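Notes for the structure review
Chain by chain, the residues run as shown.
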Amino acid sequence: MGFRGTVTDAPDFDASADAETLYNAMKGIGSDKEAILDLVTGRSNAQRQEIVQAYKSSYGKDLIDDLKYELTGHFERLIVSLMRPQAYHDAKEIHDAIKGAGTDEKCLIEVLASRNNQQIHELVEAYKDAYGSDIEEDVTGETSGHFKKMLVVLLQGTRDEPGVVHTDLIEEDAQVLFAAGEEQWGTEESIFIMLLGNRSFDHLQMVFDKYQEIAETSIEDSIKSELSGDFENLMLAVVQCIRSVPMYFAKRLYKSMKGLGTQDNTLIRIMICRSEIDMLDIRECFRMCYEKSLYNMIKEDTSGDYKRTLLALCGGDDDLAGEFFPEAAQLAYKMWETSAMTKVQLRPTIRPASDFDPADDAQNLRKAMKGFGTDEDVIIDIVANRSNEQRQEIRQAFKSILGRDLMKDLKSELSKNLERLIIGLMLTPAEFDAKMMRKAMEGAGTDEHALIEILVTRSNEEIHAMNAAYEDGYKKSMEDAIQSDTSGRFSQILTSLVQGAREQGPADWDRALVDAQVSTSCNMTLELADACNEDSDDMEIKFMSILCTRSFPHLRRVFQEFVRCSNKDIEQIIKNEMSGDVKQAMYGIVRSVKNQPNYIAERLYKAMKCIGTDDRALIRIMVSRSEVDLFNIRKEFKETHDCSLHEFIQVETMVVSFHILHVE
């Protein structure tokens, strides 16, 4: 692979002239920050070291000390860090991570999981030189357990070199990992440590493919289910780096700028350490995964000279790009292949209660609502710990025994979001979905995002049940309601989805390959690729005919082959070539096909990220997914935003929902 960085050696480099420029920029009152950032970001790290030496030779002063004195804030940290040799910068990051107030495990994980053998050896030497102590001793003094053991293994820098593949051990290693985790009660962590800490990336990529064949789940999902805490996070980081170091850093950069405040130390560390290695690939991976380019996200999330320096390191804006670099195209192809092969085990957070007695529950609910005041804790405790099917039995028992309508009593005794949440849980899933569709279309303005979210995430059976509940409850077909409230191509897409006629069953691989094959007709893939070159109206029709009708397993294979046939990203095509509600609908389908729990986790994030929480969206998602895949959604939320769903929900009126829906 050729050079993939954004910072290179400056031509006609003169260290003494640069030292003079920096000296003049800091001379007198104030400093010329623009001159400093332009020069520093326009030189490679090796050239910067020559400038540091020339500065001391010419002026008898330490350049880094002068920069620290003249600059402030994040800009100062960024410029000063750029002036250090990379190994010494890594050493300082590790030292700060373990010597401050508390240990920064995320920094330890990021640095040690992502560096190659040579970088590790240079880091160990730089640490010893800078701080006069042994990095392994310092790290082990601040960590414990399997997390500590894996860090020690990584600090040895003895991983098999790139290209080393033990062909005869690929299947054996996969079987050993499977036997150590998925196949037994408890996990043999030492096996994971030995293999993931010592085999080459090339070898382990093949092992992971074989593991997926054996376990019918990805190594990442196995780690998430078998390990926990910092050790889980470290092993996931190692696996992500084995898969793709640029993708790992793209995700770390996203997390550093998403959520509650910017993690500037992480942002600075990554932008510095990758600017001369693989920043172009990181930018491509970022574009592949998120709705905006790395350049634009930095631009929106930072300010001033700090922002200008980061943008110089980033090197350019990819938002208008449509085609992949070769390496990114291969990665996109592999991502869709992994998505097609993975069998995700959906996990709810609410399960049926044992020793269930609907009559007893009905009596206790009545007592909780009698007299002055309402015992909300009792109501929450009952509703939170019963499945929806059991709640329907409680509704019936309440009417049979007490001659009262439980739903009416709950509505009269509860208020605001707690009432909406409890009532939502007491409705059948079909009734609740129908109500949410109705709410999205009634009143002033239509909630298009809610319509899309519901229709792209429900199975045919769920859509049919929702249609029946809608007609029974509102005396009008849902199709008629959609067509009355929406228009144009968007209305046609929703009408297609509301039929509940998507092809079902396991993946028909033969048909998918025939549809996608370039050598024959590349029917669907070429149809999509050709559609990209047609006018927007024809393109939307072709995309709709495929995305709204084919099964999800089939579409995963089609999107995979779309990359190979066109060297383009289906999500980026939708983003760049479509607009408005049509774009959002198509994008929602693709994201749901790729990873539905992740798509829903993003919907939750968007419901809470702006000023004021979209409580209706929050309630809709958590109620509808609590018995389906809310546990998976929690995992995806934590992985994407580096913050648990429980921590992210801040609105006081929703605190009760943590308990009800088990989102801790």
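Just so it is clear, the model here is predicted, and its values are computed rather than measured.

**Details of the overall build of the protein**
A tally of helices and strands in the protein yields 41 helices and zero strands. In the protein, buried positions account for 53% of the 664 residues. A sequence separation of at least 24 residues applies to 73% of the contacts in the protein between residues at least 6 apart. By element, 47% of the accessible surface of the protein is carried by carbon and sulfur atoms, the whole surface being about 28500 Å².

**Some remarks on the packing of aromatic side chains**
This structure, assessed with the given rule, holds 13 aromatic pairs. When the ring of Y605 is compared with that of F637, the centres are 6.5 Å apart and the planes differ by 55 degrees; the resulting orientation is tilted. Of this pair, Y605 sits in helix α37 (residues 580-609) while F637 sits in helix α39 (residues 630-641), and the two are 32 residues apart along the sequence. Grouping aromatic residues by their ring pairs yields a cluster made of Y23, Y55 and Y59.

**Observations regarding the nonpolar core**
With 192 residues, the main nonpolar core has I94, L196, M271, L294 and M437 as its most contacted residues. Sorting elements by how many residues they give to this core places α37 first, with 13 residues. If sequence neighbours within four positions are ignored, M437 has contacts with L451, I454, L455, M466, Y470, M478 and I482.

**Section: the side chain of H89**
Locating H89 in the fold gives a position in helix α6 (residues 86-99). In this view, H89 contacts S81, R84, R269 and I272; residues no more than four positions away in its chain are not counted.

**Regarding the pattern of salt bridges**
Under the definition given, this model contains 34 salt bridges. A salt bridge links E300 to K292, with the nearest nitrogen and oxygen atoms 2.5 Å apart. On the basis of relative accessible area, E300 is assigned to the exposed category, the value being 56%. On the basis of relative accessible area, K292 is assigned to the partly exposed category, the value being 27%. E571 is the partner of K594 in a salt bridge, and the nearest nitrogen-oxygen pair spans 2.5 Å. With K594 in helix α37 and E571 in helix α36 (residues 570-577), this pair connects stretches of sequence that are 23 residues apart. One salt-bridge network, in which partners are shared between bridges, spans R77, E93, E110, R252 and R269.

**Concerning the packing of helix α7 (residues 105-114) against helix α10 (residues 145-155)**
Relative orientation of the contacting elements α7 and α10 amounts to 35 degrees, with a least axis distance of 10 Å. In this structure, α7 meets α10 at a crossing whose hand is left-handed. Counting all contacts with α7, which are made through E105, L108, I109, L112 and A113, the residues of α10 involved are F147, L151, L154 and L155. Residue composition of the contact of α7 with α10, by class: eight nonpolar, no polar and one charged.

**Thoughts on α39**
If you check α39, its first and last C-alpha atoms are 16 Å apart, about what twelve residues at 1.5 Å a residue would give, namely 16 Å. Of all twelve residues in α39, nine are buried; the element is thus mostly enclosed. Within α39 the residues assigned to the buried category are L630, F631, N632, I633, R634, E636, F637, T640 and H641. Residue D642 follows α39 closely and has a positive phi angle near 60 degrees.

**Topic: helix α5 (residues 73-83)**
With respect to burial, α5 is a largely interior element, eight of its eleven residues being buried. Taken together, the buried positions of α5 are occupied by F75, E76, L78, I79, V80, S81, L82 and M83. Those residues of α5 hidden inside the fold are in contact with α2 (33-41), α3 (45-59), α4 (63-70), α6, α17 (264-274) and α20 (304-314).

**Remarks on the packing of helix α19 (residues 294-301) against α20**
Look at α19 against α20: their axes get within 9 Å of each other, and the N-to-C directions meet at 175 degrees. Taken together, the axes of α19 and α20 are roughly antiparallel relative to one another. When α19 is examined against α20, the residues L294, Y295, I298 and K299 are found in contact with a partner set consisting of K307, L310, L311 and C314. Residues belonging to the contact of α19 with α20 are distributed by class as follows: six nonpolar, no polar and two charged.

**With respect to the confidence of the model for the protein**
Of the residues in the protein, 90% have a pLDDT of 70 or more, and the chain-wide mean is 89. Residue range residues 516-523 is modelled with pLDDT below 50. Its contacts to residues more than four positions away, or to other chains, number 16 contacts. Counted against residues more than four places away or in other chains, residues 651-656, with its pLDDT under 50, gives ten contacts.

**Let's talk about the environment of R502**
Tracing the sequence through the fold places R502 in the loop between α31 (488-498) and α32 (509-516). Exposure remark for R502: the relative accessible area of 15% places this residue in the buried category. Each C-alpha atom of the pair R502 and F552 lies 8.7 Å from the other, and the pair is 50 residues apart in sequence. Residues within four places of R502 in sequence aside, it is in contact with N460, L497, L547, C548, T549, R550, S551, F552, L555 and I589. In this structure the side chain of R502 is engaged in a polar contact, spanning 2.8 Å, whose partner is the backbone oxygen of L547.

**Focus: unusual backbone geometry**
Unusually for a residue other than glycine, E216 sits at a positive phi of about 60 degrees. Even without being a glycine, K416 presents a positive backbone phi close to 55 degrees. Along the polypeptide, K416 turns up in helix α26 (residues 416-426). Classification of K416 as exposed rests on a relative accessible area of 61%.

**As for the environment of K408**
Tracing the chain through its elements places K408 in helix α25 (residues 406-413). Taking the C-alpha atoms as reference, K408 lies 9.5 Å from I423; in sequence the two are 15 residues apart.

**Considering a negative patch on the surface**
A cluster of acidic residues, D375, E376, D377 and D381, forms a negative patch at the surface. D381 gets classed as partly exposed once you look at its relative accessible area, which sits at 42%.

**Concerning the environment of G141**
Locating G141 in the fold gives a position in helix α9 (residues 135-142). As for G141 and I98, which are separated by 43 residues in sequence, their C-alpha atoms are 8.9 Å apart.

**Some words on the state of the cysteines**
Under the counting rule described, the total for this entry stands at zero disulfides. Free cysteine: C289, not disulfide-bonded; nearest cysteine sulfur from C285 at 6.6 Å.

Each value, and the rule that gives it
Residues numbered from 1 in each chain as written. Predicted model: local features only at pLDDT ≥ 70, side-chain atom pairs only at ≥ 80, totals over all residues. Heavy atoms only, no water. Helix = DSSP H or I, 4+ residues; strand = E, 2+ residues; numbered from the N terminus. Buried < 20%, exposed > 50% of the residue type's maximum accessible area, 1.4 Å probe, protein only. Contact = heavy atoms within 4.5 Å. Areas by Shrake-Rupley, 256 points an atom, 1.4 Å probe, with all protein chains shown as cover. Phe/Tyr/Trp six-rings, centres within 6.5 Å; stacked < 30°, edge-to-face > 60°. Core = buried A, V, L, I, M, F, W, Y, C linked by side-chain atoms within 4.5 Å. Salt bridge = Lys/Arg side-chain N within 4 Å of Asp/Glu carboxyl O. Axes fitted to C-alpha atoms, helices over the stretch in contact; angles between N-to-C directions. Left-handed = near helix turned anticlockwise from the far one by under 90°. Nonpolar A, V, L, I, M, F, W, Y, C, P; charged D, E, K, R; others polar. Expected span 1.5 Å × (residues − 1). Parallel < 35°, antiparallel > 145°, perpendicular 65-115°, else oblique. pLDDT = per-residue confidence, 0-100. Polar contact = N/O pair within 3.5 Å; in protein donor to acceptor, adjacent residues only side chain to side chain. Patch = residues over 30% accessible without salt bridge, like charges linked within 9 Å, V, L, I, M, F, W, Y side chains within 5 Å. Lys, Arg positive; Asp, Glu negative; His and termini not counted. Charge placed at Lys NZ, Arg CZ, Asp CG, Glu CD. Disulfide = S-S within 2.5 Å.

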